[in-house]
Amino acid sequence: MTTARPTVLLVDDEKANLRLLSDFLRQDTGIILAQNGNQAVEKAVAMQPDLILLDIMMPGMDGFDTLRTLKSIPSTSDIPIIFITGLDNPEKEQEGLRLGAQDYIHKPFNIDVVKARIATQLEIVRQRRALQQLSRDLSRASEAKSRFLANMSHEIRTPLTSIIGYAEALLADEFKGEEKQAIKAISISGKHLLTLLNDVLDLSKIEAGKMEIELLPVNLLELIEEVRTLVEDSARKKQLVFAVSISETLPRHIYTDPVRLKQILVNLLSNAIKFTKQGKVTLDVGIESEQLFFKISDTGLGIDKKRQAELFAPFTQGDSTITREFGGTGLGLSISAQLANKLSGQISLESELGIGSCFTLTIQAKLCEIPSMEEEKPDQQSKLRGKILLAEDSNESRQLLTRMLQSQGLDVRAVENGQQLMEAAMAEEFDLIFTDINMPVMDGLQALKLLRAVGVETPVVALTANVMSEDIQMYMDAGFSEHLSKPIDRLKFARLLQQHLPDISEQNELAMPNDEMRQLMSQFVSGLPAHLQAIKLAYQQNNLSQLEQLAHKLRGTAALFQFKQISEMARQLEHHMPIEKLPLALQDLSFEVEKLIANTDSLSID
């Protein structure tokens, strides 16, 4: 409809009738008045009312002639018309309906009947226009997805052609000493394909409502520096000036999802660099009215105002020439806009064709208090004293926990299952025992019961990825002294050690050298394909018990290394997932593992 309220054109040569109908209808509709057929046609063409009430008996052009004229004009042919008449002539009424009238209102007016018939016609108009708009929207969406499929086909075929070509050349021994060049090209093309796939998966997760946001304390300056590192090489290769400006009032720490915030900023900056042929790209970061803003400005192509409103829709780019010249699927901005919304923010755009663009991300500034560096830094001279027995079936988890404890000066004996734990605890004295719950041969619960049965009263701490309150209560009821969930809260770990070990005066967060931590993480990541293959084999052999055991092991170890997405996927596999859902779940896990392996070089140590 053309206005906020529907408009009705009243056509009658009697002023009294016009006044009466106007008074009746003015409260709910906008009123347009005409006293003859010619005026009615002129005003209908000019003002496009939603409904016309048309008197039949008028001098000059009567109602029937007026109706014929209106139906012959394309812009007014679909406007519904109700005849007003004082005649009681069925033949005339039939003629009017054949000509295209929707209904009749008889004089003298029954106001309730008049309002009901007008309301019915206006509702039909509203529904028809809503359906027309839906049809247009669906048509645009279909066209956009068709463009996307065409673009995606091109984007996939290009790296696939490279991969196949280089692979065939390697098989034919055509490189002769330059194999590394071919392998590097295959690796680059493979990572590009993985990026495309991740974009599609991210969009599908957002649209399905499955994209989770995790708010964590984030060092904003460090995050901005990481973003700079990720994009500045691309700018340098195009000989663009890339500058970052940070306000002095910017808070050092905020609560946000660092992965998603970084994803948005990298996408916006990558786009700015991609579409800028010369000049500069800048990132300005500041705070205003409790809102953080990130302004990404460029001296690139600029975007036509007509295209700006559509730019954040999926599968959309500036125009087809941009797709041909620069490539891309048109998903990045849509994903970024929806992620910004999940971070309680938004992305706005100012752009002038031929001058450049400025995308501004604003998010709520959720400040958090972080202790000063002096408070954070542990006393390097302070060492703990004690003898620890650790039972953990995952090799990577066992190594990580062992090194964390050894770095604090503790003597650690590490074993692989509950039976070995029993043998060690009966042979030696320990100050504290840590044990995983789900282990082969003998689990942690069975080991604890046997320890207590033979009189070993050493405090035992349950290490597990199970964090449900009923699980924790079950462990405590079984006789465990404490419970630590994976991923391990290192400060809680340190407090627990202080509570159970003698002569501890300092309460430092457990840590270990970054290079050792990174080495263990890389070792875990490199072993993921084999672990994933074992899970798939268990599924193929219909060995669901083995599948769940392997998933549990993966879940706990991934949690220890802060790979939370993989840990959550493994948790879902572990908890009796319906068998018909397993193939898709395994496929999703494979994608996540591939993504992690592709980004091994950029693993962060928290």
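Provided above is the structure to which this section pertains.
Please read all numbers here as calculations on a predicted model, not as lab measurements. (Residues numbered from 1 in each chain as written. Predicted model: local features only at pLDDT ≥ 70, side-chain atom pairs only at ≥ 80, totals over all residues. Heavy atoms only, no water.)

A closer look at the overall build of the chain
Helix and strand content of the chain: 22 helices and 17 strands. The proportion of buried residues among the 606 residues of the chain is 43%. Accessible surface computed for the chain: about 31900 Å², of which carbon and sulfur atoms make up 50%. (Helix = DSSP H or I, 4+ residues; strand = E, 2+ residues; numbered from the N terminus. Buried < 20%, exposed > 50% of the residue type's maximum accessible area, 1.4 Å probe, protein only. Areas by Shrake-Rupley, 256 points an atom, 1.4 Å probe, with all protein chains shown as cover.)

Description of the nonpolar core
Core analysis: the largest hydrophobic core is formed by 46 residues, its most contacted members being Ile 388, Phe 434, Phe 493, Leu 497, Phe 563, Ile 566 and Leu 573. Phe 242, Ile 303, Ile 347 and Ile 363 belong to the second largest nonpolar core, which has 38 residues in total. (Core = buried A, V, L, I, M, F, W, Y, C linked by side-chain atoms within 4.5 Å.)

A look at the sheet that holds strand S5 (residues 103-106)
Reading across from one edge, S2-S1-S3-S4-S5 is the order of the 5 strands in this open sheet, with parallel pairing throughout. Both outer strands of the open sheet, strand S2 (30-34) and S5, are each paired with one neighbouring strand and no more. Averaged over all pairs of adjacent strands, the angle between strand axes in this sheet comes to 20 degrees, irrespective of strand direction. Looking at chain direction, strand S1 (residues 7-11) and S2 are connected through 5 bridges and run parallel. Opposite Leu 10, over in S2, you have Leu 33 as the bridge partner. (Pairing = 2+ DSSP bridges. Axes fitted to C-alpha atoms, helices over the stretch in contact; angles between N-to-C directions.)

Re the packing of helix H7 (residues 220-237) against helix H8 (residues 258-274)
Packing of H7 against H8 brings their axes to within 10 Å, and their N-to-C directions diverge by 30 degrees. By the angle class used here, H7 and H8 are roughly parallel. Taken as a pair, H7 and H8 cross one another with a handedness that is right-handed. The residues of H8 that touch H7, namely those facing Leu 220, Leu 223, Glu 226, Val 227, Leu 230, Val 231, Ser 234 and Ala 235, are Pro 258, Leu 261, Lys 262, Leu 265, Val 266, Leu 269, Ser 270 and Ile 273. When grouped by side-chain class, the residues that make up the contact of H7 with H8 number 12 nonpolar, 2 polar and 2 charged. (Parallel < 35°, antiparallel > 145°, perpendicular 65-115°, else oblique. Left-handed = near helix turned anticlockwise from the far one by under 90°. Contact = heavy atoms within 4.5 Å. Nonpolar A, V, L, I, M, F, W, Y, C, P; charged D, E, K, R; others polar.)

Considerations on the sheet that holds strand S15 (residues 432-436)
An order of S14-S13-S15-S16-S17 is seen for the 5 strands of this open sheet, with the pairing classed as parallel. Two strands bound the open sheet, and with one partner strand each, they are strand S14 (411-415) and strand S17 (482-485). Taken over all neighbouring pairs, the strand axes of this sheet differ in orientation by 20 degrees on average, direction set aside. Packing against the sheet, helix H17 (residues 490-500) makes contact with strand S13 (387-391), S15, strand S16 (460-464) and S17, and its axis sits at approximately 160 degrees to S17.

Observations regarding the pairing of S1
Counting buried residues in S1 gives 5 out of 5 residues, a clear majority hidden from the surface. Covered by surrounding structure in S1 are Thr 7, Leu 9 and Val 11 together with Val 8 and Leu 10, the residues of both alternating faces. A crossover links S1 with its parallel partner S2, the connecting element being helix H1 (residues 15-25), and its sense is right-handed. Where S1 lies against strand S3 (residues 51-55), 4 bridges are found, and the strand directions are parallel. For Val 8, the partnering residue across the bridge sits in S3 and is Leu 51. (Right-handed = clockwise from strand over helix to strand, strands pointing away.)

Some thoughts on the environment of Leu 18
Here Leu 18 lies in helix H1. When the C-alpha atoms of Leu 18 and Leu 33 are compared, they prove to be 7.3 Å apart, with 15 residues separating the residues in sequence. Apart from the residues lying within four places of it in its own chain, the contact partners of Leu 18 are Leu 10, Val 11, Asp 12, Leu 33, Ala 34 and Gln 35.

A look at a nonpolar patch on the surface
Among the surface-exposed residues, Leu 131, Leu 134 and Leu 138 lie close enough to one another that they form a single nonpolar patch of about 310 Å² accessible area. In this structure, Leu 134 sits in helix H5 (residues 111-171). Leu 134 gets classed as partly exposed once you look at its relative accessible area, which sits at 43%. (Patch = residues over 30% accessible without salt bridge, like charges linked within 9 Å, V, L, I, M, F, W, Y side chains within 5 Å. Salt bridge = Lys/Arg side-chain N within 4 Å of Asp/Glu carboxyl O.)

Notes on unusual backbone geometry
In this structure, the amide linkage connecting Lys 107 to the following residue, Pro 108, adopts the cis form with an omega of -5 degrees. Mapped onto the elements, Pro 108 comes out in the loop between S5 and H5. Of note in the backbone geometry, Ser 289 takes a positive phi value of approximately 50 degrees without being a glycine. With respect to the secondary-structure elements, Ser 289 resides in the loop between strand S9 (280-288) and strand S10 (291-298). Positive phi, normally seen in glycine, also occurs at Val 441, with a value near 70 degrees.

Digging into the packing of aromatic side chains
Summed over all chains, the structure comprises 5 aromatic pairs. Their ring planes at 75 degrees and their centres at 5.2 Å tell us that Phe 434 and Phe 493 sit as a pair that is edge-to-face. Here Phe 434 is found in strand S15, whereas its partner Phe 493 is found in helix H17, with 59 residues between them in sequence. An identical accessibility class is assigned to Phe 434 and Phe 493; each is buried. Each ring, one from Tyr 475 and one from Phe 480, has its centre 6.2 Å from the other, and the planes form 80 degrees; the classification is edge-to-face. Just as Tyr 475 is buried, Phe 480 falls in that class too. One aromatic cluster is present, built from ring pairs that chain together Phe 64, Phe 83 and Tyr 104. Looking at Lys 387, its charged tip hangs above the ring of Phe 430, at a distance of 5.3 Å from the centre. (Phe/Tyr/Trp six-rings, centres within 6.5 Å; stacked < 30°, edge-to-face > 60°. Lys NZ or Arg CZ within 6 Å of the ring centre and 35° of its normal.)

Looking at the pairing of S16
In terms of burial, S16 is a largely internal element, 5 of the 5 residues being buried. Neither face of S16 is exposed, since Val 460, Ala 462 and Thr 464 on one face and Val 461 and Leu 463 on the opposite face are all buried. Where S15 meets S16, 4 bridges bridge the pair, whose relative direction is parallel. When the sheet's bridge partners are listed, Thr 435 is paired in S16 with Ala 462. Handedness of the S15-helix H15 (residues 444-453)-S16 crossover: right-handed. Pairing geometry for S16 and S17, over 4 bridges, is parallel. Residue Val 461 lies in a different strand from S17, and its bridge partner there is Glu 482.

Quick word on the packing of helix H21 (residues 564-574) against helix H22 (residues 582-598)
Packing of H21 against H22 brings their axes to within 10 Å, and their N-to-C directions diverge by 160 degrees. Between H21 and H22, the angle falls in the class roughly antiparallel. Like other packed secondary-structure pairs, H21 and H22 cross with a definite hand, here left-handed. Of the residues in H22, those in contact with Gln 565, Ile 566, Met 569 and Leu 573 of H21 are Leu 582, Ala 585, Leu 586, Asp 588, Leu 589, Glu 592, Val 593 and Leu 596.

A few points about the pattern of salt bridges
Here the structure, examined in full by the defined rule, presents 14 salt bridges. Here Glu 123 ties to Arg 126 by a salt bridge, and the two come within 2.6 Å at their closest N and O atoms. You can see Glu 123 and its partner Arg 126 sitting in helix H5, 3 residues apart, about one turn around the helix. Look at Glu 123 and you get partly exposed, because its relative accessible area is 31%. The exposure class of Arg 126 is partly exposed, given its relative accessible area of 42%. Between Glu 416 and Arg 398 there is a salt bridge, with the nearest N and O atoms lying 3.9 Å from each other. Of the two residues, Glu 416 is situated in the loop between S14 and helix H14 (418-427) and Arg 398 in helix H13 (residues 395-406); the sequence distance between them amounts to 18 residues. Salt bridges linked by common partners bring Asp 12, Asp 55 and Lys 107 together as one network.

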